Amino acid sequence: MSAVIRGRVWKYEDNINTDIISPGQFMSLSIEKQAEHAMEAIDPEFSKKVRPGDIIVAGNNFGSGSSRETAPLVLKHLEVGAIVCNFFARIFYRNAINIGLPVVEIGDTSTIEEGDEIEIYLLEGKVKNLTRGNEFTSTKLPEHLIDMVSAGGLEAYLAKRMGMLS
Amino acid sequence: MGMTLAEKILAKASGKNEVKAGEIVWVKADIAMMHDLLGPRLIDKGFKRLGGKLFDKEKVVVVSDHCTPPATVQQADILKYTRDWAREFDLPYYYEFEGPCHQVIVEHGHVRPGRLILGTDSHTCMAGGMGAFATGIGSTEMIGVLLTGETWLKVPETIRVHWGGSIPHGVYSKDLILKTIKDIGHAGATYQALEFSGIAIRRMSLDERLVLSNMAVEAGAKTGLIEPDEAVVHFLRDRGIEDVELMQSDEDATYIRELSYDATSLEPQVACPHEIDNVHPVSAVEGQAVDQVYLGSCTNGRISDLRIAAQILKGKKVSKNIRCLVVPASQAVWMQANKEGILDVLTEAGCIVNMPSCGACGGFTSGVIGAGEVVMSSSNRNFRGRMGSASGEIYIGSPATVAATAIEGKIADPRNYIPKEVMI
């Protein structure tokens, strides 16, 4: 996970839930196949139009619903660079961090539009809208999660921790 | 300053005398639960890369419930993978084809007051109805739990939801929780815990209480708790479990918010598409035509739910225009319903009884819906695409509302179908 992420925005509304991001009916397929259906209930072209490094910006409560890790996984598979929203649903937030998909809360995303170019400074807790020339303060991760992210996600963090334990 | 029930359980799980909301603590899991869809198939590689040694196999429970019975070869392969994994690790607690995990772990006595339960499913919070702190986690996080027995949690603030009064005829715990979620909003309790209290809750059977805790996550909550009482003690004693600790919130505990209701004047409630907080009294949606009704799920497929439905459907017929699918919440519920003649009543009315499973509730198997179809369901989530087609519509209500709707083929008020003399 790089400390600065720059990308083009795909903008969505409030309450983008896990059944939209990762529909249950495709969950027995591989992540590659599931990714073809990501977001299709509200944006059928999403998996075709999204480009590596693009950033999803949404309103309140992104990722509500299921604990399915396939939700952040399909977005990571499509090489979404980060997700920025007002606030995340709890389990999605943890899952995204655990698999190394940057998630950033800035409180009010209403002025960010589709197609804007934004830049996210993960360590500083800052988001810049390069298209509109404004800047937001974002929540910063607590220290133990910065350790986890620096280690490369939960699995790498655990490897380090287990190594220390043994 | 006193502690809430949530704080007390997390204090115990983190080996501390006291914790406060907002604190981040490392906690030890009493039960690590996985199901077929989000379990071994997703964690195996990472788990083995990190040594592949379970922290305590007595505390690991695996339930195959989402792909049962398999409708595709992929689902059959997932089941086989899960079964083989359980054998490889010689797990003492592996269940398949028994019903949704949340119900199965309650019935088998894995859920006990004061325990910390982590599961790879958002409705793991249902166990809170027995006085456990239970919450959903992702698959990668489960790898850590399986290896170390631990994870970190932020101690949640608690919203207390007080239901006083007596619940009127034709109104059930599902109606109480839908009304609660309407007011809190589907993200209103994000990062927080709900605690349900009051005489209306205390008088409920465990079956009904579990509906409230099951749906806590639909308000965004981390868990939904009910202080355990004698009803929980009796339930566990029947399963040979004697050592039950009845933790309660302290009287001077701090709550972030308190909601207070009188159940006496509550009408049956219906959550309308496509959000669970889009809740209206049944009178506002009566007459809405449906294509299918779904009576079941971990939310409302227990024996008391089937009894209510049988009461309403006895001697009646399911509308010719629709399908009425009944999915008991477990094999044990199925057997009990069979013993009581409930399955006969339901099938004679024209219902189709499916095997206990997550089935069509999550859009996986056995009754998913097609384009534009409308469902009235007793389950817990009505997101767009949840039960199949993204252009389908899902209404959610109590088993009674579902049963009444089955008769009319359109959303109906159950109070018109419950004879006064059997109303309790």
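Residues numbered from 1 in each chain as written. Chains lettered and ligands numbered in written order. Predicted model: local features only at pLDDT ≥ 70, side-chain atom pairs only at ≥ 80, totals over all residues.

Attention now moves to the overall build of chain A. Helix and strand counts for chain A come out as 7 helices and 7 strands. Put simply, chain A runs from its N terminus to its C terminus through helices and strands in the order β-α-α-α-β-α-β-α-β-β-β-β-α-α. The C-alpha atoms of chain A give 15 Å as radius of gyration, which agrees with the globular expectation for 166 residues (15 Å, within 12%). Principal-axis analysis of the C-alpha atoms places the extent of chain A at approximately 50 × 40 × 25 Å. Residues classed as buried in chain A amount to 48% of the 166 residues present. Considering only contacts in chain A between residues 6 or more positions apart, those separated by 24 or more positions represent 65%. (Helix = DSSP H or I, 4+ residues; strand = E, 2+ residues; numbered from the N terminus. Rg over C-alpha atoms; globule rule 2.2 N^0.38 Å. Buried ≥ 20, exposed ≤ 12 C-beta atoms within 10 Å, placed from the backbone. Contact = placed C-beta atoms within 7 Å.)

Residues and elements named next belong to chain B. On the basis of which strands lie adjacent, the open sheet formed by 5 strands has the order β4-β3-β2-β5-β6 and parallel pairing. Lying at the two open borders of the sheet, with one neighbouring strand each, are β4 (94–96) and β6 (133–136). The mean angle between the axes of side-by-side strands here comes to 15°, regardless of whether they run parallel or antiparallel. Pairing of strand β2 (residues 31–35) with strand β3 (residues 60–64), which is carried by 4 bridges, proceeds in the parallel orientation. (Pairing = 2+ DSSP bridges. Axes fitted to C-alpha atoms, helices over the stretch in contact; angles between N-to-C directions.)

Residue and element names in this part refer to chain B. Contact geometry of helix α2 (residues 40–49) with helix α5 (residues 139–148) gives a least axis separation of 9 Å together with a crossing angle of 50°. Comparing their axes, α5 and α2 come out oblique. α2 and α5 meet at a crossing whose hand is right-handed. Where α2 approaches α5, its residues L42, I43, G46 and F47 are matched on the opposing element by S139, T140, M142, I143, L146 and L147. (Parallel < 35°, antiparallel > 145°, perpendicular 65-115°, else oblique. Left-handed = near helix turned anticlockwise from the far one by under 90°.)

Glancing now at the interface of chain A and chain B. Listed per partner, the contact involves 35 residues of chain A and 43 residues of chain B. Within the residue set of the side of chain A that touches chain B, elements represented by two or more residues are α1 (18–21), α5 (90–99) and α7 (154–165) of chain A. Here the element with the most residues in the side of chain A that touches chain B is α5 of chain A; it accounts for 6 residues. Class assignment of the residues belonging to the side of chain A that touches chain B gives a composition of 14 nonpolar, 14 polar and 7 charged. (Nonpolar A, V, L, I, M, F, W, Y, C, P; charged D, E, K, R; others polar.)

A separate point is helix α1 (residues 5–13) of chain B. Residues and elements named next belong to chain B. Across the 9 residues of α1, 9 count as buried, placing the element largely inside the fold. Within the span of α1, buried status applies to L5, A6, E7, K8, I9, L10, A11, K12 and A13. Where α1 ends, the next residue or the one after it, G15, has phi of about 70°, a positive value.

As a further point, take the UniProt feature "domain: Aconitase A/isopropylmalate dehydratase small subunit swivel" (unreviewed entry) in chain A. Following the UniProt record, one finds the feature "domain: Aconitase A/isopropylmalate dehydratase small subunit swivel" (unreviewed entry) at residues 34–101 of chain A. Its end C-alpha atoms 17 Å apart, residues 34–101 of chain A is made of 35% helix and 10% strand. (UniProt positions renumbered as here; feature names shortened; annotations may be inferred.)

Take unusual backbone geometry next. That bond from T68 of chain B to P69 of chain B is cis: its omega, -15°, falls within 30 degrees of zero. Cis geometry marks the peptide bond from P273 of chain B to H274 of chain B; its omega dihedral reads -5°. Inspection of the secondary structure assignment puts H274 of chain B in the loop between β12 (269–271) and β13 (279–281). Positioned with a positive phi, M39 of chain A is a non-glycine residue whose angle comes to about 65°. Note that M39 of chain A resides in the loop between α2 (31–35) and α3 (46–49). Looking at M39 of chain A, the number of C-beta atoms within 10 Å reads 23, which means it is buried.

This next bit is on the confidence of the model for chain B. Per-chain confidence: chain B averages 96 in pLDDT, with 99% of residues scoring 70 or above. Scoring of the predicted complex yields 0.94 for pTM and 0.89 for ipTM. (pLDDT = per-residue confidence, 0-100.)

Attention now goes to the domain arrangement of chain B. Residue and element names in this part refer to chain B. Entries for chain B in the domain assignment read domain 1 (5–261) and domain 2 (269–422). Each of domain 1 and domain 2 has a C-alpha centre, and the two are 24 Å apart. Elements with a contribution of two residues or more to the side of domain 1 that touches domain 2: α4 (101–107), α6 (173–184) and α8 (206–214). Broken down by element, the residue count for the side of domain 1 that touches domain 2 peaks at 6 residues, all from α6. When grouped by side-chain class, the residues that make up the side of domain 1 that touches domain 2 number 12 nonpolar, 12 polar and 10 charged. (Domains from an automatic or database assignment.)

Residues and elements named next belong to chain B. Of the two faces of strand β10 (residues 223–226), the one holding T223 and L225 and the one holding G224 and I226 are both buried throughout. Both strand β9 (residues 193–197) and β10 contribute to a ladder of 4 bridges, which runs parallel. Residue pairing across strands places L194 opposite G224, the latter belonging to β10.

Residue and element names in this part refer to chain A. With 4 bridges connecting them, strand β5 (residues 117–121) and strand β6 (residues 126–129) associate as antiparallel partners. What sits directly across from I118, in β6, is N129. By the bridge criterion, 4 bridges tie β6 to strand β7 (residues 134–137) in an arrangement that is antiparallel. Bridging across to β7, K126 finds its partner in T137. Between β6 and the antiparallel strand that follows it, β7, lie 4 residues; G133 among them carries a positive phi value of about 70°.

The subject of this paragraph is the packing of α2 of chain B against helix α3 (residues 73–88) of chain B. All names here are of chain B. Two elements in contact, α2 and α3, have axes separated by 10 Å at closest approach and are oriented at 50°. Taken together, α2 and α3 sit at an angle that is classed as oblique. Two secondary-structure elements touch here, α2 through P40, R41 and D44 and α3 through I78, Y81, T82 and W85. Residue composition of the contact of α2 with α3, grouped by class: 4 nonpolar, 1 polar and 2 charged.

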